[in-house]
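Here's the letter readout for the chains.
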Amino acid sequence: MCVFEIYADIRLKDAIVDMLLERRLNDFFYFVCDKYASRTLLQTSREQVSGRKEYGVFRLFVDYDSADELSRAIYEEYEREGVRCYMLEGVKEMP
């Protein structure tokens, strides 16, 4: 089992939720977070003043093959525009 995390621009939240549910992944978590970056990487004036962009994190506990397949689908759909995927292998649920 692994922890699979998707960091995405908050504007992509609903589309990613739909993608996960369409793939029958209905046991996941979502957290609101901020991405901090240099002002040249931030687009709106609000983002440039605050130095951050609104992001969210999806966290799933899935097998390696499911995580690999899902990351490929996400990168194919969004071409890394405002989205990053990470995986931590060897995770087990505590009794």
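Each remark here, short or long, concerns the structure printed above.
What this report covers is the structure whose coordinates are included nearby. Predicted model, so just to flag it, every value in this text is computed and none were measured.

A word on the overall build of the protein
The secondary structure content of the protein amounts to three helices and four strands. In the protein, the succession of helices and strands from N to C terminus is β-α-β-α-β-α-β. Burial analysis of the protein (95 residues in total) assigns 34% to the buried set. Looking at the protein alone, contacts between residues at least 24 apart form 73% of all its contacts between residues at least 6 apart. Surface accessibility of the protein: about 6800 Å² in total, with carbon and sulfur atoms responsible for 48%.

Overview of unusual backbone geometry
Backbone geometry at Arg24 places phi at a positive 65°, although glycine is not the residue there. Note that Arg24 resides in the loop between helix 1 (13-22) and strand 2 (28-36).

A closer look at the nonpolar core
In this structure, Phe4, Ile6, Ile16, Leu60, Leu70 and Ile74 are the most contacted members of the largest nonpolar core, which totals 20 residues. Of all the elements in the fold, those that place two or more residues in this core are strand 1 (2-9), helix 1, strand 3 (52-62), helix 3 (64-78) and strand 4 (83-89). The contact partners of Phe4, leaving out residues within four places of it in the chain, are Phe58, Arg59, Leu60, Val62, Ala67, Leu70, Ser71, Ile74, Cys85, Tyr86 and Met87.

Structural notes on a nonpolar patch on the surface
A contiguous nonpolar surface patch, about 400 Å² in accessible area, is contributed by Met1, Phe29, Phe31 and Phe61. Looking at the secondary structure, you find Phe29 in strand 2.

Focus: the side chain of Glu5
Counting through the fold element by element, Glu5 comes out in strand 1. Here Arg59 takes part through its side chain, which lies 2.6 Å from a polar atom of the side chain of Glu5.

Description of helix 3
For helix 3, with 15 residues, the first-to-last C-alpha span of 21 Å sits near the 21 Å given by 1.5 Å per residue. Among all positions in helix 3, only Ala67, Leu70, Ser71, Ala73, Ile74, Tyr75 and Tyr78 are buried. Two to three positions downstream of the cap, the backbone nitrogen of Asp65 sits 3.1 Å from a side-chain oxygen, assigning the N-cap of helix 3 to Asp63. Directly beyond the C-terminal end of helix 3, a positive phi value near 50° is found at Glu79.

Conventions we followed
- Residues numbered from 1 in each chain as written.
- Predicted model: local features only at pLDDT ≥ 70, side-chain atom pairs only at ≥ 80, totals over all residues.
- Heavy atoms only, no water.
- Helix = DSSP H or I, 4+ residues; strand = E, 2+ residues; numbered from the N terminus.
- Buried < 20%, exposed > 50% of the residue type's maximum accessible area, 1.4 Å probe, protein only.
- Contact = heavy atoms within 4.5 Å.
- Areas by Shrake-Rupley, 256 points an atom, 1.4 Å probe, with all protein chains shown as cover.
- Core = buried A, V, L, I, M, F, W, Y, C linked by side-chain atoms within 4.5 Å.
- Patch = residues over 30% accessible without salt bridge, like charges linked within 9 Å, V, L, I, M, F, W, Y side chains within 5 Å.
- Salt bridge = Lys/Arg side-chain N within 4 Å of Asp/Glu carboxyl O.
- Polar contact = N/O pair within 3.5 Å; in protein donor to acceptor, adjacent residues only side chain to side chain.
- Expected span 1.5 Å × (residues − 1).

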